[in-house]
Amino acid sequence: MLGLMQDWQLTLDKVLDHAARVHGGSEVITRRTDGKVYRTTYAAIHRRARQVSNALLRHGIRLGDRVGTLGWNSERHLETWYGAMGIGAVLHTLNPRLHPDQLAWIINHAENRVVVFDTTFLPLAEAVADKVKVEKWVVIADPDQMPANAIGAVCYEEWIAGESAEVAWGQFDERTAAGLCYTSGTTGDPKGVLYSHRSNMLEMLMAMGTDCIGISAHDVVLPVVPMFHANAWGLAFAGPASGASLVMPGAQLDGPSVYELLDSEKVTISAAVPTVWLGLLQHMEANGLKLPHLKKVVIGGSAVPERVLRAFEVDYGVEVYHAWGMTEMSPMGTIGRVPAGLKDAPLDVQLAQKLKQGLPPCGVELKIVDEHGTELPRDGESSGRLLVKGMAVVGSYFRHDDGTGRAALDADGWFDTGDVASIDQYGTMKITDRTKDVIKSGGEWISSIDLENAALLHPAVANAAAIGIPHPKWDERPLLVIEKKPGASVSEAEIKAFLDGKIAKWWMPDAVVFIDAIPLGATGKNNKLKLREMYAAGELTVAA
Ligand code: AMP
């Protein structure tokens, strides 16, 4: 027997409709790329997002077509976001930190028909334009700030100016694709995670829970985490849904700029990767500053360093929500809250618990398994591959489908995160290692395979292995280990000069070391675990 309740489809247009109707006056404040602060409201964004919809429809964009953005967090990025999703187009956030070749590959794979971009990214758009089949480029700019460009890009404001704000939003199945985000977090080609309206809506409701991020209409939320990082961790939905004010930081994400917004806009909740918080804390310590308004910070993307946790919680009285998740999980996986069983425990015990990655909200299932796939006990000791299921977890990657729709999952429907973890008696998960062959620097992935492939093109290189080594600011930085061909000679400087231009600048290894033979594992692959151990034991000498 089916229930007899209304079939209210979980489509995301309803989020902005709700914001305009119930919280229409709540502000969205953007620091624009020229540094000026611009203020608007959900009501205005709602109206303009509908004009974007009509501009897209006029171009011929229909249900399922992909619309790309290369944008910082801004009110106009939000308009494009809801304008595309509202008519059932797929909003594809592109990561501007990628190398142009990678970006072009992704744009082609996704078949973006329109790309809306910030002026800052014009050189990037121009660099990829002749490699992709984008039909229309739109620059987020006012007419008087329109940059000269060689790709026929039109001005955003002129593009939407004559459009009506009347349009039919929604009216499609809640399982319709809403957003697309590629992750290069695993080896091989980047993989597209295709979110549905339903999965994003459920993720948003989960994130709004008190033991998740928990947002109220009284909050002022600063998502430093970019919209191209798994939907700004859900905040681009949870903000309007709750009626909280959103403060969009634009391009300036350094400590002083973030502090200025936290202070001037009286921000109560903010979210970012650890590197951003390290920058902020350094700025505050150097200038004797305080955080009188901020109540909580969400820190994720990489493990929270203990000194960051202690600084916020003990020195500044700001509660830390340590979050673990993945693009493939929309992204919420766990939140580092103090479990009920430890609510009266001493501070140090509670802080130790918060350093772990945390508890899954209802809607996410976790388990850890050994090499045979057997579930391991939740004893805080056993550690194994971390598998997940959930209402906003990937089923298969975009265009990687094997026909079953479950290409990313095992036979029982579990998704392997590539992380290794333990789970304690309170249900709190702790990441202990990683099986995926990647380096995460400042919250962004560096593909070790791509680095190695680039190095292998050098005639003196017989084998190359890139590993992540600990770094106080970036969490990890790449170290490139090279085995030379017999009799060949090459220096660190020559390797770096060779890599220059072949990889994104920030992927450049911090150091290149040479060893006689790169250790290999049982299947003949580079044994990175062994290399990391050798590095920790001081056996890979890095010149100062
Ligand atoms: P992404 O898809 O870029 O969000 O990256 C997801 C991956 O980042 C996870 O599978 C982890 O390897 C890592 N990660 C994310 N959050 C954390 C965290 N709080 N602690 C440790 N690793 C994390």
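Look a little higher up for the structure.
Quick caveat: nothing in here was measured; it's all calculated off a predicted structure.

**A closer look at the overall build of the chain**
Here is step 1: Helix and strand content of the chain: 16 helices and 24 strands.
Here is step 2: A compact globule built from 544 residues would reach a C-alpha radius of gyration of about 24 Å, and the chain, at 23 Å, matches this within 12%.
Here is step 3: Viewed in the frame of its principal axes, the chain has a C-alpha envelope of about 70 × 60 × 60 Å.
Here is step 4: Within the chain, the fraction of its 544 residues that count as buried is 59%.
Here is step 5: In the chain, the share of contacts with a sequence separation of at least 24, taken over all contacts with a separation of at least 6, comes to 66%.
Here is step 6: For the chain, the accessible surface area stands at approximately 22,200 Å², while carbon and sulfur atoms represent 52% of it.

**Points about the sheet that holds strand 23 (residues 475-484)**
Two modes of strand pairing occur in sheets, parallel and antiparallel, and in both the strands are linked by backbone hydrogen bonds.
Here is step 1: The strand order across the open sheet built from three strands is 22-23-24, with neighbouring strands paired in mixed fashion. If you trace the sheet from one side to the other, it starts and ends with strand 22 (461-471) and strand 24 (511-514), each paired once. Adjacent strand axes in the sheet meet at a mean angle of 25° when their direction is disregarded.
Here is step 2: In terms of strand pairing, strand 22 meets strand 23 through ten bridges, oriented antiparallel.

**As for the site of the ligand**
Here is step 1: Near the ligand you find 15 residues, and of these Ala323, Thr327, Asp419, Lys436 and Trp445 are the closest.
Here is step 2: In this structure, Asp419 approaches the ligand through a side-chain N or O atom, which is 2.6 Å from an oxygen atom.
Here is step 3: In this structure, Lys436 approaches the ligand through a side-chain N or O atom, which is 2.6 Å from an oxygen atom.
Here is step 4: Across the complex, the protein chains shield 91% of the 490 Å² of accessible surface that the ligand would expose by itself.
Here is step 5: Among the elements that take part in the shell around the ligand, strand 14 (residues 319-325) stands out by supplying four residues, more than any other.

**Side note on helix 12 (residues 306-315)**
Here is step 1: By the burial criterion, the buried members of helix 12 are Val308, Leu309, Ala311, Phe312 and Glu313.
Here is step 2: Buried residues belonging to helix 12 abut helix 11 (274-287), strand 13 (296-300), strand 14 and helix 13 (347-355).
Here is step 3: Of the residues one or two after helix 12, Gly317 is the one with positive phi, at around 65°.

**Quick notes on the packing of aromatic side chains**
Here is step 1: Applying the stated criterion across every chain, the model contains seven aromatic pairs.
Here is step 2: Judged by centre distance (5.9 Å) and plane angle (80°), the rings of Phe117 and Trp137 are edge-to-face. One end of the pair, Phe117, is in strand 5 (residues 112-118); the other, Trp137, is in strand 6 (residues 136-140), with 20 residues separating them in the sequence.
Here is step 3: Exposure remark for Phe117: the relative accessible area of 0% places this residue in the buried category.

**A closer look at the pattern of salt bridges**
Here is step 1: The tally for this structure, following the rule as stated, stands at 34 salt bridges.
Here is step 2: A salt bridge links Asp219 to Lys295, with the shortest nitrogen-to-oxygen separation between them at 3.6 Å. With Asp219 in the loop between helix 7 (197-207) and strand 10 (220-223) and Lys295 in the loop between helix 11 and strand 13, this residue pair connects regions lying 76 residues apart in the sequence.
Here is step 3: Judged by relative accessible area, Asp219 falls into the buried class, the value being 7%.
Here is step 4: On the accessibility criterion, Lys295 (49% relative accessible area) is partly exposed.

**A word on helix 15 (residues 492-499)**
Here is step 1: When helix 15 is considered as a whole, its buried residues turn out to be Ile495, Phe498 and Leu499. Buried residues of helix 15 fall within an arc of 95° about the axis and therefore sit on the same side. Exposed side chains of helix 15 directed beyond 90 degrees from the buried face belong to Ala493 and Ala497.
Here is step 2: For helix 15, the secondary structure elements touched by its buried residues are helix 14 (448-456), strand 22, strand 23 and strand 24.
Here is step 3: The first or second residue beyond helix 15 is Gly501, which carries a positive phi of 95°.

**Let's talk about the nonpolar core**
Here is step 1: Of all hydrophobic cores here, the largest spans 141 residues; its most connected members are Trp137 and Phe312.
Here is step 2: Setting aside anything within four residues of it in sequence, one finds Phe312 in contact with Trp277, Leu280, Leu281, Leu291, Val297, Ile299, Gly317, Val318 and Val320.

**Some words on the side chain of Lys296**
Here is step 1: The topology assignment puts Lys296 in strand 13.
Here is step 2: Although Lys296 lies buried, it forms no salt bridge, and the closest oppositely charged side chain, Asp219, sits 5.6 Å away as judged by the N-O distance.
Here is step 3: Side-chain polar atoms of Lys296 contact the backbone oxygen of Gly214, separated by 2.8 Å.

**So, unusual backbone geometry**
Here is step 1: The linkage connecting Ser330 with the following residue, Pro331, adopts the cis geometry, with an omega of 5°.
Here is step 2: Even without being glycine, Ala230 reaches a positive phi, approximately 45°.
Here is step 3: Structurally, the position occupied by Ala230 is in helix 8 (residues 230-233).
Here is step 4: A relative accessible area of 3% means that Ala230 is categorised as buried.
Here is step 5: Phi angles above zero are rare outside glycine, and Ser330 is one such case at about 75°.

**Things to note about the environment of Arg66**
Here is step 1: Of note, Arg66 is situated in strand 3 (residues 66-70).
Here is step 2: Along the primary structure Arg66 and Ala177 are separated by 111 residues, whereas in three dimensions their C-alpha atoms are 9.8 Å apart.
Here is step 3: A polar contact of 2.7 Å, which involves the side chain of Arg66, links it to the backbone oxygen of Ala110.

**Things to note about the sheet that holds strand 9 (residues 191-196)**
Here is step 1: The strand order across the open sheet built from seven strands is 7-6-5-3-4-8-9, with neighbouring strands paired in mixed fashion. Where the open sheet ends on each side, the last strands, each with one partner, are strand 7 (154-155) and strand 9.
Here is step 2: The sheet contact formed by strand 3 and strand 5 spans five bridges and is parallel. Bridge pairing in strand 5 places Thr69 opposite Val116.
Here is step 3: Across the sheet, helix 7 touches strand 8 (177-183) and strand 9, and the angle it forms with strand 9 is around 75°.

**Some remarks on the pairing of strand 2 (residues 37-41)**
Here is step 1: Two strands pair when backbone bridges link them, and strand 1 (residues 27-31) and strand 2 are joined in this way by five bridges, in the antiparallel orientation. Paired with Arg31 across the strands is Val37, a residue of strand 2.
Here is step 2: Two successive antiparallel strands, strand 1 and strand 2, enclose a turn made up of five residues, where Gly35 displays a positive phi of approximately 95°.

Calculation criteria
- Per chain, residue numbering runs from 1 following the sequence as it is written.
- A pLDDT threshold of at least 70 governs which residues receive local features in this predicted model, and a stricter bar of 80 or more applies before side-chain atom pairs are shown or counted, although totals over entire chains, interfaces and linings include all residues.
- Side-chain measures here rest on the full set of heavy atoms in the structure, leaving out hydrogens and waters.
- What counts as a helix is a DSSP run of H or I of at least four residues, what counts as a strand is a run of E of at least two, and both are numbered from the N terminus.
- Taken over C-alpha atoms, the radius of gyration is set against a globule rule of 2.2 Å times the number of residues to the power 0.38.
- We call a residue buried when its accessible area falls under 20% of the maximum for its residue type, exposed when it is over 50%, and partly exposed in between, using a 1.4 Å probe and counting protein chains only.
- In this analysis, two residues are considered to be in contact whenever any of their non-hydrogen atoms come within 4.5 Å of each other.
- Only the protein chains shown count as covering a residue, and every accessible area follows the Shrake-Rupley method with a 1.4 Å probe.
- In short, DSSP must find at least two bridges between two strands for them to pair.
- Angles shown run from 0 to 180 degrees and are taken between the N-to-C directions of axes, each axis being a line fitted to C-alpha atoms and, for helices, limited to the stretch in contact.
- Here a residue is near a molecule or strand as soon as one of its heavy atoms is found within 4 Å of it.
- Identification of polar contacts relies on pairs of N or O atoms within 3.5 Å, with a donor-acceptor requirement for protein atoms, meaning one able to donate a hydrogen and the other able to accept it, and with residues adjacent in sequence counted only if both atoms are side-chain atoms.
- Each aromatic pair joins two rings of Phe, Tyr and Trp (for Trp, the six-membered one) with centres within 6.5 Å, and gets the label stacked for planes under 30 degrees apart, edge-to-face for over 60, and tilted for any other angle.
- We count a salt bridge whenever a side-chain nitrogen from Lys or Arg sits within 4 Å of a carboxyl oxygen from Asp or Glu.
- Here, the arc refers to the directions that run from the helix axis to the C-beta atoms.
- Among buried residues, those of type Ala, Val, Leu, Ile, Met, Phe, Trp, Tyr and Cys that are joined through side-chain atoms within 4.5 Å constitute a nonpolar core.
- His is not counted, nor are the chain ends, whereas Lys and Arg count as positive and Asp and Glu as negative.

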